[in-house]
Structure formats: C-alpha cells, structure tokens
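What the coordinates show
In case you want the letters, here they are:
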Amino acid sequence: MPLPGTPYYVEIHPAIPRELSRLPELANNLWYSWDRATRELFARLHPALWQEVGQSPKAFLRRVDERRLRAAGDDEDFLRGYQRVLSAYDSYHSAPNGRNARSPLAGNDLVAYFCAEFGFHESLPIYSGGLGILAGDHCKAASDLRLPLVGVGLLYRQGYFHQTLDADGNQHAAYTDSNFAELPITLIHDPTGGELRVEVPLAGRTLTARIWRALIGHVTLYLLDTDLPENSEEDRHITDRLYSGDGRHRLLQEAILGIGGMRMLTSIGATNIEKYHMNEGHAALLTLELYRAYAACEEPTQEVQRRAAFT
C-alpha cells in the first residue's frame, strides 16, 4: 500500500552559462519576431525542440537541455553568431526616439495605441487575424521609426484553440490555457513589490485587472488580465478568449480595454499621452474615460476630439 502524503511539483530550469547570459533578454523582446538571425540562433541550439515549442524563445529556454547550453557556450562558431546578434540588438535599441520638424509630438509626448488584438508572433497568442496583424505591424513599424508609441490590449489566457472536424464536417474547438511564464511578457509591480492593479467601476461593482508588459523593440505593449481572486467567477473569465461570449461579455471586454486601458496608463505614470489611437471600435469606451478626464476643460468635446484618433 502506498503511504499517504502530499504531492509536490518541482520545475527544474536549465542554468544559462555566463557566456550566453543575455539569451533571456533576447527571448523577452519580440524584436526576434522580425529578426531572423535571432530566431536562427535559438533554433541552432536544438532544432527539434525549437519547433516543438512553436518557435517561442522563452519557452525554449525553460526546456532546453542544460548540456546543450554549456556546449554552445564553448562553441566558438556559435559564440560568434551570438555576438553578431547582440551587436545588431544593441545598435537597434540604442537609437533615440524619432521626432522631426513636421511632427506634432514634442518633448516626452506619447501616442497610445489601443486594439483588441496584437499579432506579432505565434509565441504570443493574443490575435486571430488581419486586425491583429495590422496592429502588430503598426507597433513594429513604430519601433523601426523610433516613434514614441505604447500599445494597450488584453492578455487572453486561452489565446488559440485547436480545431478538429468530425465525420459530419462539424468544427469542434478545444481551448487550453497559455502558460504565462512561457510567454514574452513581464508582470508589472508597484513600488512595494506587489502586483500593480487597475480598478474599473462598472454595473454596480468594481472590476480589477493586473498589468503585463511586452517589449516590441522600442515599443512597449501593456496587457490587462482579469483572472484575479478578488473578481467574481464571471469577471475572472472576461479576458479568457478573444471575441468570445455574448454581447454583454464583449461589452465587459471593451470596458476593460477602453476604460481600464486609460486608467492603466495613468497608474504606470504615462500621463503625457498626446494622442489616443483606437484601432477598430473595440476600444470606443475610451472616449467616455477621456470625457471624464477632460471634463474640467473649457471645451471638453473639442479636447477629446483633438486627442482621439480612430481607424
């Protein structure tokens, strides 16, 4: 008879050798999504595993055999490729923000870009199609042009589904939770070390969301997540899936994106937003929050119109 006891789960992660100490930095910036040399660098370490993890550098580093990392750290040819990638990465990120005489932006002004989905790479599954790819390319182009842009979106726990077809041709979708620890994102904390929270009063209650950060070259994307114990069971699932649920559920998502997104920018200290760009109508409730913020202005309607852009 087996003895009763408490099961424990232990995760063992490979140690990164000193010679390759910046691999986690490369894995946590979606610059790799449009830099082939960086992706090829990871693939060289273990081609089969690279494909198995969906070409996700962060997931790859959590699973690769430590012996392969040590061998790569002693491989002069691999180290030369590693240094070339780091040189390109550092040169790219050392360039200053771009502003010119024709730009209405000055000083520390920012543009906040709101969208329900952002498509950068399959390693961050928070998009489904054209709108997400457009938003992702917008951020990549802003990074290349050194434009002062921040993105605002939602972090979907069940970003993708696996589709199967039965004998009658009917589609069946199976959802699985993403492991946030394997995504190229970082949880934002407050000065005390706790998780930073955003509160959105809505329908007689307060919804709470935490904030995650993704780096896309020079651009930062902030993502809101409502799967928190202080929320009701229903509210915890608001950010489960992209474009799911009935009209009420979609409205809650749009409130978190538009209203919560603007409050989130305030909470992280981004008070220098010159333009709020809404990509599609999913963030339209942002305009209500803008009216609240600028209600004391002499002409609040004109102020909101001046600051808001819509595509």
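Residues numbered from 1 in each chain as written. Predicted model: local features only at pLDDT ≥ 70, side-chain atom pairs only at ≥ 80, totals over all residues. Heavy atoms only, no water.

1. Quick notes on helix H5 (residues 66-73)
- Buried within H5 we find Leu69, Ala72 and Gly73. Buried residues of H5 fall within an arc of 100° about the axis and therefore sit on the same side.
- Those residues of H5 that are buried lie in contact with helix H1 (23-27), helix H2 (36-45) and helix H6 (76-94). (Buried < 20%, exposed > 50% of the residue type's maximum accessible area, 1.4 Å probe, protein only. Helix = DSSP H or I, 4+ residues; strand = E, 2+ residues; numbered from the N terminus. Arc of directions from axis to C-beta. Contact = heavy atoms within 4.5 Å.)

2. Section: the confidence of the model for the chain
- The predicted model of the chain has a mean per-residue pLDDT of 91, with 93% of residues at 70 or higher.
- Mean pLDDT values for the elements of the chain range from 74 in strand S3 (residues 161-165) up to 98 in H1. (pLDDT = per-residue confidence, 0-100.)

3. A look at the packing of H2 against H6
- The N-to-C vectors of H2 and H6 enclose an angle of 155°; their axes lie 10 Å apart at closest approach. Classified by the interaxial angle, the pair formed by H2 and H6 is roughly antiparallel. For the element pair H2 and H6, the recorded crossing hand is left-handed. Each of Ala37, Thr38, Leu41, Arg44 and Leu45 in H2 lies in contact with H6, whose residues at this interface are Asp77, Phe78, Gly81, Tyr82 and Val85.
- Broken down by class, the residue content of the contact of H2 with H6 amounts to 6 nonpolar, 2 polar and 2 charged. (Axes fitted to C-alpha atoms, helices over the stretch in contact; angles between N-to-C directions. Parallel < 35°, antiparallel > 145°, perpendicular 65-115°, else oblique. Left-handed = near helix turned anticlockwise from the far one by under 90°. Nonpolar A, V, L, I, M, F, W, Y, C, P; charged D, E, K, R; others polar.)

4. Here's the deal with the environment of lysine 58
- Note that lysine 58 resides in helix H4 (residues 57-63).
- Considering only alpha carbons, one finds lysine 58 and phenylalanine 42, 16 residues apart in sequence, at a separation of 10.0 Å.
- Sequence-distant contacts of lysine 58, defined by excluding residues within four places in its chain, comprise Ala27, Asn28, Ala181, Glu182, Leu183, Pro184 and Ile185.
- Polar contacts involving the side chain of lysine 58 include one to the main-chain carbonyl oxygen of leucine 183, which spans 3.1 Å. (Polar contact = N/O pair within 3.5 Å; in protein donor to acceptor, adjacent residues only side chain to side chain.)

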